[in-house]
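Here is what each chain is made of, one letter per residue.
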Amino acid sequence: MAESLLLAVTRITTMKGDKVLSEATGFYFTRDGIVFLITNKHVVRDEPTSHHPDRLLIDLHPDKDNLAKLSQFTVPLYREGQKLWKEAADRTSEVDIVAIQIDVSKFPENSAYACFEMEHISENLNHVEIGASLLIPGFPLGFHDELHHLPVARHAIVASSFGLRFKGMGYFLSDGRTHRGCSGAPVVTHMPGEPKHKLPWRLLGVHSSRFDVRRDIRADEALGLNSAWYSDIILKMTEPDKTDSADKNSDSGGG
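Residues numbered from 1 in each chain as written. Predicted model: local features only at pLDDT ≥ 70, side-chain atom pairs only at ≥ 80, totals over all residues. Heavy atoms only, no water.

Colleague: Which residues make up empty space enclosed by the protein, and what values go with them?
Modeller: Applying the stated criterion to the full structure yields three cavities of 30 Å³ or more. The space that makes up the largest cavity amounts to roughly 90 Å³. Lining the largest cavity are 13 residues, with L7, V9, T10, D59 and H61 positioned closest to its centre. Of all the secondary structure elements, the ones that give two or more residues to the lining of the largest cavity are α1 (4-7), β1 (9-16) and β4 (55-60). With three residues, the single largest contributor to the lining of the largest cavity is β1. (1 Å grid on protein atoms, 1.4 Å probe; cavity = no way out; pocket = protein on both sides within 12 Å on 5 of 7 lines; lining within 4 Å. Points joined across faces, edges and corners; volume = space filled by probe spheres on them. Helix = DSSP H or I, 4+ residues; strand = E, 2+ residues; numbered from the N terminus.)

Here's what the structure looks like:
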C-alpha cells in the first residue's frame, strides 16, 4: 500500500464535451461524513483564459491491492445551469479554492483513497516558522507514476511570515519548484507521532500559482516563489448548508 498522503491526492482532467482542456491536482477532504474534492477555483472556471469545463475526471484506484489498476470518476460541475462547487471569500477577496461534494458510495467498493480531516487543519498558526519544510504532492506538467497512478512530491519551504497575509491576501508564499498541473495540490508539513494510515501531515495550504516579476528573462531567473492559500478557508466552505440536501452532488458517476 502506498503512503496515505499519495492516496489523498488525485489527478484531475478538465473536460468540456469530448474535449480535454487541462490537467490539475486535487485532494480529498471529509467533514461530517461528507467527502469533498478540493482544488483551485481557476481549475473549474477561469474567466481570463476562457476556461469553462463542464465536468472533471478524477483518477481512482479501484483495487487497493493492485494500484496498477485505474478507473476514472466523473464529477459534474453544473446541474441545470447551477454550479455544483462551493467557494468562499475572506476579508479582502475571493479565494482560489473550491470544494466539490462527491458521492464516494459510487466509488468501486475496494477503492484505495485517503482523506484529510478537520484535525489536519490547525487554527494555531504560530507553530509554523519561516523556512519550515513543506511537501507539495501533485502532477507537475502531468508527470506522475503512470504504472501506479500516483503523484510525485516537490520539496519547498515557507517563504513568508506564516500567519500573516502576504500583501494583505489570504495566502502565504512557498519557495520551491512547481509547474503547471500542480494547481490545487495540498501544501503540507510533517506531523510526527501519528500512525501512517492516519495521514501524519498538517494541511497548511492549497497551492495556487507561481509568482514572477517584471524581469530581464535573459539575465534574471524566475523567482521560484508560489502562492498557497491558507487551508482554514476550507472549513468555511465545507460548513453544513441547511438549505441544501446532503446529496447535492449525488449524480456523480463513474466514467
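Here the narrative resumes, following the displayed structure.
Colleague: Explain the environment of R55 to me, using residue names and the numbers behind them.
Modeller: Along the polypeptide, R55 turns up in strand β4. Separated by 21 residues in the primary sequence, R55 and P76 place their C-alpha atoms 4.3 Å from one another. In terms of polar contacts, R55 uses its side chain to reach the backbone carbonyl oxygen of G17, at 2.7 Å. Engagement of the side chain of R55 in a polar contact is seen with the side chain of D54, the distance being 3.1 Å. (Polar contact = N/O pair within 3.5 Å; in protein donor to acceptor, adjacent residues only side chain to side chain.)

Colleague: Can you tell me about the nonpolar core, naming the residues and giving the values?
Modeller: Grouped together as the largest cluster of nonpolar side chains are 33 residues, with contacts concentrated most on F27, F29, I38, I97, F116 and I234. Put simply, the parts of the chain that give this core at least two residues each are α1, β2 (19-31), β3 (34-39), β12 (171-175), β14 (201-211) and α3 (233-237). Sorting elements by how many residues they give to this core places α3 first, with four residues. Listed in part, the 19 residues of the second largest apolar core include I12, V35, I102 and C115. (Core = buried A, V, L, I, M, F, W, Y, C linked by side-chain atoms within 4.5 Å. Buried < 20%, exposed > 50% of the residue type's maximum accessible area, 1.4 Å probe, protein only.)

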